[in-house]
Each structure stands twice: as structure tokens, then as C-alpha cells.
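If you want the building blocks of each chain, they are given just below.
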Amino acid sequence: MDLLSAIGMVTKRRSDFFSQAKTLASKSKDQPTLEERMKGEAIALVKGYRDKLMKWEEYERTLIDKTLVSALAAVILGVGTDKPEQKLEKSWPVIVGDMLPPLLTFLAETKTYIDSGVLRPGDQTLDFADYDLLGAVPGAVDIGIDELENINPKQIGELEADQQRAQGKTWPSLAERVSRYLATPTFSFFNLGQYMVSQDQGFKEMRRVAKRDKKCCIDCKQYDSMGWQPFGELPMPGKGCRCYDRCRCFIEYR
Ligand SMILES: [Zn+2]
Ligand SMILES: [Zn+2]
């Protein structure tokens with residue numbers, strides 16, 4: 001599916017996504033629960049396609065739908081009761097612009113793996129339960145982000161390829177990549193919701209507080225050390241840092 005037809009398709013169904021997102025948000029109650037739920041859905045979706053319970057077109061459409069609905073639900077959770085409808089409208093172009101282009105590239109890549117037989121529907125030789133989702137394949141070395149600081153993205157790609165992780169070339173590793181669309185971005189969109197509320201409330205400053213564990217990258221530490229900055233001057237968690245969707249910095253406003 002090309003980007004223009006995908007945008008056309010999702011735009012037509014926007015209000016449907018909004019109402020699904022409201023249901024999902026009220027079922028999930030908070031962002032960590034939403035994230036957990038979506039990790040489970042990532043596995044279920046990939047498993048469903050692998051076990052031939054659905055055709056490619058359905059897999060593709062479901063992944064696109066769930067990615068958008070999950071992001072919208074995260075915004076709702078971040079917004080709370082402060083005019084959620086208006087803020088959904090405002091976040092919609094951000095969500096579509098952020099998520100749809102990489103998602104379509106990812107889907108096209110998955111399709112080439114299927115067409116070339118790298119991924120075979122019906123192949124159950126690897127069990128999803130053997131994988132720690134968002135971890136790595138069994139036996140792979142868990143490299144801390146500190147050790148990756150001086151490695152460029154291309155080298156990270158090669159490293160991941162060596163470890164057979166994050167490549168989507170096995171069904172379980174595909175599920176891990178799917179969850180990076182369905183689950184991990186919920187944190188960033190939750191923050192977007194909070195940002196929009198803080199903007200309405202007239203806060204003048206913001207600061208980005210890094211989670212100071214060993215997984216925190218130098219970019220996040222750098223934002224953290226900048227302290228209070230004018231409102232809107234700092235990127236949202238997951239933006240402008242090499243943790244990407246796995247960033248767990250939070251933003252404070254005053
Ligand atoms: Zn970071
Ligand atoms: Zn961070």
C-alpha cells in the first residue's frame with residue numbers, strides 16, 4: 001500500500017478510530033496497562049497471520065488500524081478530562097505523520113520476507129514463548145545503551161542483524177518489531193496528550209527528566225542537564241534521542 005492511499009483510507013475512518021480509541025483508553029485506564037495490552041496484541045496479531053487465521057490484506061489493515069487506535073488512546077490517557085475531543089483532532093495529523101510512513105515501509109519489508117520465503121506462514125519452529133518481547137532472541141547478548149553510544153545507526157543495524165534481533169526475519173522477532181508500533185509509542189503519545197493540556201493551562205516552562213538508569217542514552221542525559229527551558233523548546237520523549245520509542249524520560253511543566 002502506498003502512502004497516499006493509506007492516508008486516504010485512514011482519513012475516511014477517522015471518527016471510527018476516535019471512538020475505538022476512547023473504548024481502548026477506558027478499558028486500559030493508564031499508559032503502562034495500555035502498553036502491556038498492546039504488546040500482547042502484537043504477538044496475537046503476528047501469531048494469527050503466521051497460523052493463517054488471516055490473509056495478508058487483513059494483517060496489513062489490522063496493523064495500521066491498531067497502530068493509530070493505540071496512539072490515539074495514549075493521547076486520551078495523557079489528556080484526561082481536559083477537552084479530549086479537541087485534543088484528539090489536534091493530535092491526529094501528528095500521529096498519522098509520525099506513524100504511517102515508517103509503518104508502511106515496515107509492512108513492505110515484511111511482505112518481501114514473506115514473498116521470498118524468509119518468513120513462512122504456518123512455520124511454527126520457533127515458539128513466541130521463548131522470546132522476551134522487547135528483549136532479544138535467546139542467547140543473544142544484551143548490550144547496554146552506554147556501550148552503544150559511539151556506534152552509528154548503521155552499525156547498530158549490523159549488530160542487531162548479527163544477533164538476529166529486531167530484524168523481523170523470524171515470526172517472534174517480527175512480533176517484537178510490531179510491538180514497536182503498537183506498544184512502545186504509547187509512552188510518547190501519552191506525553192503528547194499531557195503537553196497539549198499544559199499548553200492550554202498556560203505553563204511557561206518545561207524540563208525533560210531522564211530516567212537515570214543504564215539504558216538512558218547521552219542525548220536524554222543532555223536534555224536532562226539543560227533543566228528548565230521555555231515551553232515547547234524541548235523535544236518530546238522519544239524524539240531527538242537515540243532511545244527512540246524506548247525512551248522513558250518524562251516532562252515536567254511549570
Ligand atoms: Zn535517550
Ligand atoms: Zn529518554
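A.B. asks: Mind showing me how you'd approach the coordination of the zinc ion (ligand 2) here?
C.D. replies: Six octahedrally arranged donors around a metal ideally form angles of 90 or 180 degrees; four tetrahedrally arranged donors ideally form angles of 109.5 degrees. Coordination sphere of the zinc ion (ligand 2), protein contribution only: Cys220 (SG), Cys247 (SG) and Cys249 (SG), at 2.2 to 2.3 Å. All donors of the zinc ion (ligand 2) come from a single chain, and their spacing in sequence reads C-x26-C-x1-C. The zinc ion (ligand 1) is placed at 3.5 Å from the zinc ion (ligand 2), the two being bridged by Cys220. In this pair, Cys220 sits in helix α10 (residues 218-225) while Cys247 sits in the loop between β2 (229-230) and β3 (250-253), placing the two residues 27 residues apart along the sequence. Judged on exposure class, the residue Cys220 and its partner Cys247 are both buried.

A.B. asks: So what exactly am I meant to see when it comes to the pairing of β3 here?
C.D. replies: Here β3 shows a buried face lined by Ile251 and Tyr253 and an unburied face lined by Phe250 and Glu252. For strand β1 (residues 205-209) and β3, the ladder comprises four bridges, and the chain directions are antiparallel. Counterpart to Val209 in the pairing with β3 is Phe250.

A.B. asks: Hey, could you run me through the coordination of the zinc ion (ligand 1) in this one?
C.D. replies: Bound to the zinc ion (ligand 1) are the protein donor atoms Cys217 (SG), Cys220 (SG) and Cys243 (SG), situated 2.1 to 2.3 Å from the metal. Every donor residue of the zinc ion (ligand 1) comes from the same chain, spaced as C-x2-C-x22-C. Among the residues examined, Cys220 registers a relative accessible area of 1% and is labelled buried. Since its relative accessible area comes to 7%, Cys243 is described here as buried.

A.B. asks: Got a minute to help me understand the packing of aromatic side chains in this structure?
C.D. replies: In this description, a pair of aromatic rings is defined by centroid distance and the angle of the planes. Inspection of every chain in the model, using the stated rule, returns 11 aromatic pairs. Ring geometry for Tyr49 against Trp56: centres 5.7 Å apart, planes inclined by 75 degrees, an arrangement best described as edge-to-face. Accessibility assignment for this pair places Tyr49 and Trp56 in one class, buried. An aromatic cluster is present here, built from Tyr49, Trp56, Tyr59 and Trp171 joined pairwise through their rings. It is Lys111 that lies over the ring of Trp56; its NZ or CZ is 5.9 Å from the centre.

A.B. asks: Got a minute to help me understand the pattern of salt bridges in this structure?
C.D. replies: Any two side chains of opposite charge can pair, on the condition that their charged atoms come close. Per the stated rule, a full pass over the model turns up 19 salt bridges. Across the pair Lys111 and Asp115 runs a salt bridge whose closest N-O atoms are separated by 2.9 Å. Residue Lys111 and its partner Asp115 are both found in helix α5 (residues 84-115); the two are separated by four residues, about one turn of the helix. A relative accessible area of 56% means that Asp115 is categorised as exposed. Here Arg180 and Asp245 are joined by a salt bridge, their closest N and O atoms 2.6 Å apart.

A.B. asks: Is there a simple way to think about the side chain of Thr170 in this case?
C.D. replies: Inspection of the secondary structure puts Thr170 in the loop between α7 (153-162) and α8 (171-182). For Thr170, the side chain forms a polar contact with the side chain of Ser173, separated by 3.0 Å.

A.B. asks: In this structure, what is going on with the packing of helix α2 (residues 14-28) against helix α4 (residues 56-79)? I would like to understand it.
C.D. replies: Angle between the axes and distance between the axes: these two values describe a pair of packed helices. Where α2 meets α4, the closest approach of the two axes is 8 Å, and the angle between their N-to-C directions is 60 degrees. With respect to α4, the element α2 is oriented oblique. Read as a crossing pair, α2 and α4 show a hand that is right-handed. Residue-level contacts link Phe17, Phe18, Gln20, Ala21, Lys22, Leu24 and Ala25 of α2 to Asp65, Leu68, Val69, Ser70, Leu72, Ala73, Ile76 and Leu77 of α4. For the contact of α2 with α4, a count of residues per class yields 11 nonpolar, two polar and two charged.

Rules of the game
Residues numbered from 1 in each chain as written. Chains lettered and ligands numbered in written order. Predicted model: local features only at pLDDT ≥ 70, side-chain atom pairs only at ≥ 80, totals over all residues. Heavy atoms only, no water. Donors = N, O, S within 2.8 Å, 3.2 Å for Na, K, Ca; no water. Helix = DSSP H or I, 4+ residues; strand = E, 2+ residues; numbered from the N terminus. Buried < 20%, exposed > 50% of the residue type's maximum accessible area, 1.4 Å probe, protein only. Pairing = 2+ DSSP bridges. Phe/Tyr/Trp six-rings, centres within 6.5 Å; stacked < 30°, edge-to-face > 60°. Lys NZ or Arg CZ within 6 Å of the ring centre and 35° of its normal. Salt bridge = Lys/Arg side-chain N within 4 Å of Asp/Glu carboxyl O. Polar contact = N/O pair within 3.5 Å; in protein donor to acceptor, adjacent residues only side chain to side chain. Axes fitted to C-alpha atoms, helices over the stretch in contact; angles between N-to-C directions. Parallel < 35°, antiparallel > 145°, perpendicular 65-115°, else oblique. Left-handed = near helix turned anticlockwise from the far one by under 90°. Contact = heavy atoms within 4.5 Å. Nonpolar A, V, L, I, M, F, W, Y, C, P; charged D, E, K, R; others polar.

Purely geometric numbers; function is a separate question.
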